[in-house]
Amino acid sequence: MKLNMVQAINLALKQEMEKDSSIILLGEDIGKNGGVFRVTEGLWQQFGDERVIDTPLAELGIVGTSIGLAISGMKPVAEIQFDGFTPPALDQIISHVGRIRNRSRGRFHLQMVIRFPSGGGIRALEHHSEIMDTYLCHIAGIKVVVPATPNDAKGLLISAIRDKDPVIFMEPKKVYRAIKEEVPEEEYTIPIGEAKVREGDDVTVIAWGAMVKTVNEAREKIGDKYSVETINLRSLKPLDTNAVVKSVKKTGRAVIVQEGPRTLGFAAELIALINEKAFLSLEAPIKRVTGFDVPTPLPKLENYYLPSVDKVVNAIEDVMRF
Amino acid sequence: MKLNMVQAINLALKQEMEKDSSIILLGEDIGKNGGVFRVTEGLWQQFGDERVIDTPLAELGIVGTSIGLAISGMKPVAEIQFDGFTPPALDQIISHVGRIRNRSRGRFHLQMVIRFPSGGGIRALEHHSEIMDTYLCHIAGIKVVVPATPNDAKGLLISAIRDKDPVIFMEPKKVYRAIKEEVPEEEYTIPIGEAKVREGDDVTVIAWGAMVKTVNEAREKIGDKYSVETINLRSLKPLDTNAVVKSVKKTGRAVIVQEGPRTLGFAAELIALINEKAFLSLEAPIKRVTGFDVPTPLPKLENYYLPSVDKVVNAIEDVMRF
Amino acid sequence: MPRTKVPAKSDMFQILDPEGNVLDKKLMPKLTDDDIRKMYGYMVLARKWDEIAWNLQREGRLLTFAPLTGQEASQVGSAYAMEKDDWLFPMYRSNAAMILRGMPMDLLFQYWSGDERGLKIPDDVNMFTIAIPVGTQIPHAAGFAWGMKIQKKKVGVVVYFGDAATSKGDFHEGLNFAGVFKAPLVAICENNQYAISVPRSRQTASETIAQKAAAYGFEGVQVDGNDVFAVYKVTKDALDKARNGNGPTLIECFTYRLGAHTTSDDPTKYRPVEEVEYWKKRDPIDRLRKFMVKKGIWSDSDEQKLLANVEVRVNDAVKKAEAVEAPKPEDMFNYVYEKATEQLRQQMSELK
Amino acid sequence: MPRTKVPAKSDMFQILDPEGNVLDKKLMPKLTDDDIRKMYGYMVLARKWDEIAWNLQREGRLLTFAPLTGQEASQVGSAYAMEKDDWLFPMYRSNAAMILRGMPMDLLFQYWSGDERGLKIPDDVNMFTIAIPVGTQIPHAAGFAWGMKIQKKKVGVVVYFGDAATSKGDFHEGLNFAGVFKAPLVAICENNQYAISVPRSRQTASETIAQKAAAYGFEGVQVDGNDVFAVYKVTKDALDKARNGNGPTLIECFTYRLGAHTTSDDPTKYRPVEEVEYWKKRDPIDRLRKFMVKKGIWSDSDEQKLLANVEVRVNDAVKKAEAVEAPKPEDMFNYVYEKATEQLRQQMSELK
Ligand SMILES: Cc1ncc(C[n+]2csc(CCOP(=O)(O)OP(=O)(O)O)c2C)c(N)n1
Ligand SMILES: Cc1ncc(C[n+]2csc(CCOP(=O)(O)OP(=O)(O)O)c2C)c(N)n1
Ligand SMILES: [Mg+2]
Ligand SMILES: [Mg+2]
């Protein structure tokens, strides 16, 4: 079955909800309207108003009540309408979502998912193109997952819904309808914490979310000039440190492609880890290709801000020539 | 005049308020009560209820109205009572504080300071010992300042209040009363973005806030065994990249001591920068001594969590022996 | 002046009925015929702006934007009640109010085409930037109003937001501050019955939005938002009260969004045709025109002239906006701080 | 049943006057003498807990903690009205309610001495963990109550918070959700007149807290929080209503914190002696004792026995808490996830 990411996510939700009646969806406009990106299309019609729930416009309330719903025995899958509207929920996520298992010494845990469209590249208004991974990956006690393809999305979302810990699920909106690929009709899971590696020998290029597509295009463009190993991280927390370290030990060179602002982006953490675990293998400084430390520009300048195929190619060249 | 950090901050506020009647303080319990750490003691009595303002308990409201106050021509210095209560204000900080100059193309700017007691080490309750630097340093358009001593505090706070851009001022509460030092009575400024270096030759140890004291103690303990260069960053954003790079180029070895959780702590950014700008000088992997990726434990275990003098000493030994 | 008792939709304040008749002459605010024609002109202009912008968006010349068709009385009535020194804090759907208060239309087009330079509000326009995150502008406006009070300036502050914004903590904390500090704030909720697809009844169980003011210790008024005179009068009174030091007011303009939420929205998915038809009969522009015609201050030829005039003005603004040269990439670095930091200067150099 | 009209402190619901006389026999809830003595016992126990904990804190054996002295009726009256299956969402000052609902006192001591193991609430106690960040527990409770409704369980949910919590967005968004989804929630605001040093009047301009319920479309009641019977009755009615599917209630317990905000606080800095004296005369424990003595169901020797008994029980709890071996450092890693991640296992190994 060829599906795009929107369809793959929709199918994962539908199949899990059919199996487990404690799963409910809540968010803004996810019901009759099917979500602003149509991710929940048809689910309200199938599961009704008690399981696909339009909420008041209040992200703190959505996440805060999801905590209570999870404690009560439900399995909430909350949608935040856009990345840029997750900050109102950050207090509940930082102060509670990541802490309730710990604070209660395991009496309570949160089987819940918070999913939202993530990142730029669709020529959207202010606050509709943000990357939130730094804020979220710094928080202990939560997991952070970013699919790069429809296939990733279905398998990872099913894992996320079944996970006994709270999972943040960031859906690269640039990819939503940009890639179609074969996705199994039946359910399957992709373990959270496992990267996907496409082998190569000369240089390791690491990316996640929408940047995986950019990296793949760069790889095409480079062709046979260098043998590029690419890593699609798929989850940022927990991270597949082994895959990263093993690869860099082999290639000795690394480029990291990160969509968000540079300072304290996830690339910094990857560089720190490689420094710690593969220092002696490094033959060149690790290069990061990232957004800039400015508010995400509006569409007229967005393309100058986002990492492009050319920037990635140049970075690979730089690292190889070092 | 020998002052501790609480007194130094109090004096800076008092002197600036005497000079500039557009400066107002707002926050919870900062008036008659003088603040839970007594930082604003005596200021309500001196400046009255219209300039030292107890607000409702609402951190979003404090920061959100401060934005409006700043646009109206006031210079608000907002206090958040504890680090752990800054997350309710994160949306206003992320979505607006860092963006208003940019969004309005310079028509509006925010001359405002958000200050709060920061970090652990005082055997406090949950949410009273957190380190927020990652969340804040990732945001474009704001500045982030962390004094390590009373002297730093006075000079940096005066700079922050006079800065035409919004400044986050994190006050290491462990240091509040732990150090007394000579602080000039008259006003003076310390430029935001300038680190303070104590020279040495063998290894660079970088810290900020309360960890500077820990590092200084480690340096004492190491004595003449190694010549340690220490850097007190003083501001994290903008960062004194030159000071860091110059030092590591000289010593070839670095240890970074960070109070907060490891993953995506500010140490990661420093490692990324050193990798980029001083790769060839590095003789050993950079070592980071940090808090763990767990919710800050309650006091019974806090000391196992926080970087200690011994851990710093061990890290220096490790890096030297590499 | 009749004010809404809490909670009672039937007590909604009205002056003009849908047929353009004045319900009670005593309620009619002091407005010259010229004022009335001006207000009408702004309403028609705003609707034309929507129509032209919608087409531009369909041609890919604008980004997503939010039309206000149906809410013209609510915006023009309230903004027209403002004095020169008053300040406006808009939301993303406040084009009519912004234009009335002096925001150049070409800048608006520039902004909605994805260029931040469109939000460089001219220095002599007392207006803040547009808030996209729902409700977040309310504490800004409250703080600004409070600042006016501290500085003893007699300035009223108007902030616009939708019905769904009342569900946000920002609404609550902002209005609570305004109440405690008696800020000269007029908080205008344009209750257009929907948050995208979510109806007002799913937004809150309170019968009216106006009654939420009780929580903050000041007055709340529900007004017929399609009645430009009622909106004008209620806003003017609230602004006078604010400037006189008597604190904030919450005004609920009971209205309806006749079109889509934005250019990305298909409202037929979530609301019945009959409902839209019902509201079309209460169109605020028709209502005011009927009044003017009955009063003999408006003719068919006035109407034709106006329609031609607003079309030219909007099209001129489009032309002006589209003639502006593309922003330079460096532009994204120039307003992050007063002075670019070393880090930013370095990043800027990577553009080349 | 007399309910507070909005806004009117004088309409506050009362049953017992400060001298222990029943104002109106018809209002008196059905409680056996044994019930009443039990309630009194919990109130006295809670006060003793405070006293002993205060001293322990001064000796460095406890961290900062928040005494509830003065608020015993508000907590015991409401918690005693709960049925076995009901759930409690506490704040940091809810010790009396927590103990009454089955939280072992030694665990509380352990928690307040800085050991998270004290918050492992026993499986058979229907209670959530303590919220330190003000107001954040309100959406949790609203969500839990909503979950009970979805699961068709007849369970009422009580959440406690202070007067200042009502200023937070969490209060607003949580109660608004509760109203929209008709969750079986009883939201109890212990209005003890202060947020640390900030008086209620600086917290909000609304005359009562109870009237804030109007914003969410459900009932708000102001009750004399030092009158254990009034609190009991209002809470019981609200819980019955909740379990019967008739939605949430906001209860404002009008009370006073007789002691310091916490062990770190010096209340003489911000409030007059006379005010404290006024409230001491309305002490909820004295009031109930006077009632019992007048009714002939309490004697001096009962009092002596009770005092001795609570002292022993509290001291035993202290002993038990202090006999627990220190937590192991690894403990901080064991409950971050269901299964420690590789990263955490590595970090744990650094402890050695
Ligand atoms: C905090 C936040 N959440 C979600 C959105 C996405 N969104 C944009 S408009 C809208 C509905 C707003 O409804 P209302 O406040 O009634 O204003 P209206 O658009 O009807 O004028 C939503 C959900 C947003 N802009 N901000
Ligand atoms: C979000 C947040 N901000 C600040 C604090 C610090 N603080 C602890 S209690 C308190 C006052 C709370 O007052 P109230 O809600 O009336 O409850 P009370 O303590 O009086 O019972 C403050 C400011 C906090 N715990 N949480
Ligand atoms: Mg609306
Ligand atoms: Mg209180």
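Treat the numbers as computed from the prediction; the structure is a model and nothing was measured. (Residues numbered from 1 in each chain as written. Chains lettered and ligands numbered in written order. Predicted model: local features only at pLDDT ≥ 70, side-chain atom pairs only at ≥ 80, totals over all residues. Heavy atoms only, no water.)

1. Description of the interface of chain D and chain A
Across the boundary between the two partners, chain D contributes 44 residues, which contact 46 residues of chain A. Area buried by chain D at its contact with chain A is led by D:Phe177, D:Tyr335 and D:Tyr337, which between them contribute 18% of it. Counting every contact that joins chain D to chain A gives two salt bridges. Where A:Arg107 meets D:Asp123, a salt bridge forms, and the shortest distance between an N and an O atom there is 3.6 Å. Among the elements of the structure, α5 (137–150), α6 (169–180) and α12 (342–349) of chain D are those that each provide at least two residues to the side of chain D that touches chain A. Sort the elements by how many residues they give to the side of chain D that touches chain A and α5(D) lands first, with nine residues. (Contact = heavy atoms within 4.5 Å. Buried area = accessible area lost by both parts, 1.4 Å probe. Salt bridge = Lys/Arg side-chain N within 4 Å of Asp/Glu carboxyl O. Helix = DSSP H or I, 4+ residues; strand = E, 2+ residues; numbered from the N terminus.)

2. Here we look at the domain arrangement of chain A
Residue and element names in this part refer to chain A. For chain A, the assigned domains are domain 1 (2–182) and domain 2 (196–321). With centres defined by C-alpha atoms, the gap from domain 1 to domain 2 works out at 26 Å. Taken together, the contact between domain 1 and domain 2 spans 32 residues of the former and 22 residues of the latter. Roughly 2,000 Å² of surface becomes buried between domain 1 and domain 2 when both sides are summed, with 58% attributable to carbon and sulfur atoms. Inspection of the domain 1/domain 2 interface yields one salt bridge. Note that Arg-234 is salt-bridged to Asp-152, the shortest N-O span being 3.2 Å. Where domain 1 meets domain 2, there are twelve residue pairs in polar contact (both at pLDDT 80 or more). Put simply, the parts of the chain that give the side of domain 1 that touches domain 2 at least two residues each are α6 (133–137), β6 (143–145), α7 (150–162) and β7 (167–172). (Domains from an automatic or database assignment. Polar contact = N/O pair within 3.5 Å; in protein donor to acceptor, adjacent residues only side chain to side chain.)

3. Re the side chain of C:Gln347
Residue position: C:Gln347 is located in helix α12 (residues 342–349). In this view, C:Gln347 contacts A:Arg262, A:Phe292, A:Asp293 and C:Phe333; residues no more than four positions away in its chain are not counted.

4. Examining the pairing of strand β6 (residues 219–224) of chain C
Residue and element names in this part refer to chain C. The element β6 is largely enclosed, with a buried count of five among its six residues. Here β6 runs beside strand β7 (residues 249–254); their pairing, made up of six bridges, is parallel. Paired with Asp-224 across the two strands is Phe-254, which belongs to β7. Traced from β6 through helix α8 (residues 228–243) to β7, the parallel crossover comes out right-handed. (Buried < 20%, exposed > 50% of the residue type's maximum accessible area, 1.4 Å probe, protein only. Pairing = 2+ DSSP bridges. Right-handed = clockwise from strand over helix to strand, strands pointing away.)

5. Structural notes on the site of ligand 1
As a matter of local geometry, ligand 1 sits amid 21 residues, with A:Glu59, C:Tyr92, C:Arg93, C:Asp163 and C:Tyr194 nearest to it. In this structure, ligand 1 sits where chains A and C come together, each supplying nearby residues. C:Arg93 places a side-chain nitrogen or oxygen 2.6 Å from an oxygen atom of ligand 1. The separation between a nitrogen atom of ligand 1 and a polar main-chain atom of C:Val134 is 3.0 Å. Burial of ligand 1 by the surrounding chains reaches 96%, relative to a free accessible area of 580 Å². Considered class by class, the residues forming the shell around ligand 1 number twelve nonpolar, four polar and five charged. (Near = heavy atom within 4 Å. Areas by Shrake-Rupley, 256 points an atom, 1.4 Å probe, with all protein chains shown as cover. Nonpolar A, V, L, I, M, F, W, Y, C, P; charged D, E, K, R; others polar.)

6. Let's talk about helix α12 (residues 309–321) of chain B
Residue and element names in this part refer to chain B. Across its 13 residues, α12 extends 18 Å between first and last C-alpha, which sits within 8% of the 18 Å expected from 1.5 Å per residue. All of the buried residues in α12 are Val-309, Val-312, Val-313, Ala-315, Ile-316, Glu-317, Val-319 and Met-320. Lining the buried residues of α12 we find β10 (203–207), α8 (211–222), β13 (254–261) and β14 (287–291). (Expected span 1.5 Å × (residues − 1).)

7. Concerning the coordination of the magnesium ion (ligand 4)
Residue and element names in this part refer to chain D. The coordination sphere of the magnesium ion (ligand 4) contains the protein donors Asp-163 (OD), Asn-192 (OD1) and Tyr-194 (O), at a distance range of 2.0 Å. Mapping the donors of the magnesium ion (ligand 4) onto the primary sequence gives the spacing D-x28-N-x1-Y. Pair noted here: Asp-163 is in the loop between β2 (157–162) and α6 and Tyr-194 is in strand β4 (residues 194–195), with a separation of 31 residues, a long-range link. For the residue pair Asp-163 and Tyr-194, the accessibility class agrees, reading buried in each case. (Donors = N, O, S within 2.8 Å, 3.2 Å for Na, K, Ca; no water.)

8. Some remarks on the side chain of C:Ser113
Considering the arrangement of structural elements, one finds C:Ser113 in the loop between α4 (105–112) and α5 (137–150). Of note is the side chain of C:Ser113, whose polar atom sits 2.7 Å from the backbone oxygen of C:Gln110. Contacts of C:Ser113, omitting those with residues within four sequence positions, involve A:Lys300, C:Arg61, C:Leu62 and C:Leu63.

9. Description of the sheet that holds strand β9 (residues 196–198) of chain B
Residues and elements named next belong to chain B. If you walk across this open sheet you meet the five strands as β9-β11-β10-β13-β14, and the pairing is mixed. Only two strands of the sheet have a single neighbouring strand rather than two, namely β9 and β14. Recorded for the sheet is a direction-independent mean angle of 20° between the axes of neighbouring strands. One ladder, built from three bridges, connects β9 with strand β11 (residues 228–232); its direction is antiparallel. Each residue of the ladder has a partner; that of Val-197, found in β11, is Ile-231. Along the sheet face, helix α10 (residues 266–278) touches β10, β13 and β14 and points at about 150° away from the line of β13. (Axes fitted to C-alpha atoms, helices over the stretch in contact; angles between N-to-C directions.)

10. Comments concerning the environment of C:Ser264
Its location among the elements puts C:Ser264 in the loop between β7 and α9 (273–280). With 203 residues separating them in the primary sequence, C:Ser264 and C:Arg61 have C-alpha atoms 14 Å apart.

11. Comments concerning the coordination of the magnesium ion (ligand 3)
Residue and element names in this part refer to chain C. Within the protein, the atoms that donate to the magnesium ion (ligand 3) are Asp-163 (OD), Asn-192 (OD1) and Tyr-194 (O), at distances of 2.0 to 2.1 Å. Here the donor residues for the magnesium ion (ligand 3) map to a single chain with the spacing D-x28-N-x1-Y. On the accessibility criterion, Tyr-194 (9% relative accessible area) is buried.

12. Notes on the state of the cysteines
Formally, a disulfide is one covalent bond, and it connects the sulfur atom of one cysteine to the sulfur atom of another. This structure, assessed with the given rule, holds zero disulfides over all chains. A disulfide-free cysteine, A:Cys137 has its sulfur positioned 17 Å from the sulfur of B:Cys137, the nearest such atom. Here C:Cys253 is not disulfide-linked; the sulfur of C:Cys189 is the nearest cysteine sulfur, at 8.0 Å. Residue classification places C:Cys253 among the buried residues on the basis of a relative accessible area of 0%. (Disulfide = S-S within 2.5 Å.)

13. Some remarks on the pattern of salt bridges
Using the criterion set out here, one finds 106 salt bridges over all chains in the structure. One salt bridge connects C:Glu350 with A:Arg262, and the closest N-O pair in it is separated by 2.8 Å. You can see C:Glu350 sitting in the segment after α12 and its partner A:Arg262 sitting in the loop between β13 (254–261) and α10 (266–278), one on each of two chains. We classify C:Glu350 as partly exposed; its relative accessible area is 38%. In this structure, C:Asp286 and C:Arg289 form a salt bridge, with 2.9 Å as the shortest nitrogen-oxygen distance. With C:Asp286 and C:Arg289 both in helix α10 (residues 284–295) and three residues apart, this pair spans about one turn of that helix. Given a relative accessible area of 24%, C:Arg289 falls into the partly exposed group. One continuous salt-bridge network, built from bridges that share partners, spans A:Lys225, A:Lys287, A:Glu317, A:Asp318 and A:Arg321.

14. Examining the site of ligand 2
If you check the shell around ligand 2, you find 21 residues, and the closest are B:Glu59, D:Tyr92, D:Arg93, D:Asp163 and D:Tyr194. At the site occupied by ligand 2, the surrounding residues belong to chains B and D. Between an oxygen atom of ligand 2 and a side-chain N or O atom of D:Asp163, the distance comes to 2.6 Å. Taking D:Ala164, its main chain carries an N or O atom lying 3.0 Å from an oxygen atom of ligand 2. Its residues placed into classes, the shell around ligand 2 shows twelve nonpolar, four polar and five charged.

15. Some details on the pairing of strand β2 (residues 23–27) of chain A
Residue and element names in this part refer to chain A. Counting buried residues along β2, five of its five residues qualify, which places the element largely inside the surrounding structure. Because side chains alternate across β2, one face comprises the buried residues Ile-23, Leu-25 and Gly-27, and the other comprises Ile-24 and Leu-26, equally buried. Where β2 meets strand β4 (residues 75–79), five bridges bridge the pair, whose relative direction is parallel. When the sheet's bridge partners are listed, Leu-25 is paired in β4 with Val-77. Sheet topology places β2 next to strand β3 (residues 52–54); three bridges connect them, and they run parallel. Residue pairing in the sheet places Leu-26 in a bridge with Ile-53 of β3.

16. Topic: the relation of the copies chain C and chain D
Overlaying chain C with chain D gives an RMSD of 0.0 Å, the required rotation being 180° about an axis along which the chain moves by 0.0 Å. The transformation just described matches what one would write down for a two-fold rotation axis. Across chain C, the smallest distance between a C-alpha and the rotation axis is recorded for C:Gly169, namely 1.8 Å. (Least-squares fit on C-alpha atoms with pLDDT ≥ 70 in both.)

17. A short note on unusual backbone geometry
Between A:Lys237 and the following residue, A:Pro238, the backbone shows a cis peptide bond with an omega angle of -5°. For A:Pro238, the position within the fold is in the loop between β12 (235–237) and α9 (241–251). In this model, B:Arg123 sits at a positive phi of 50°, which is unusual for a non-glycine residue. Looking at B:Arg123, the relative accessible area reads 46%, which means it is partly exposed. The phi torsion at C:Lys182 lies on the positive side, around 45°, for a residue other than glycine. Along the polypeptide, C:Lys182 turns up in the loop between α6 (169–180) and β3 (185–191). When its relative accessible area of 41% is taken as the criterion, C:Lys182 is described as partly exposed.

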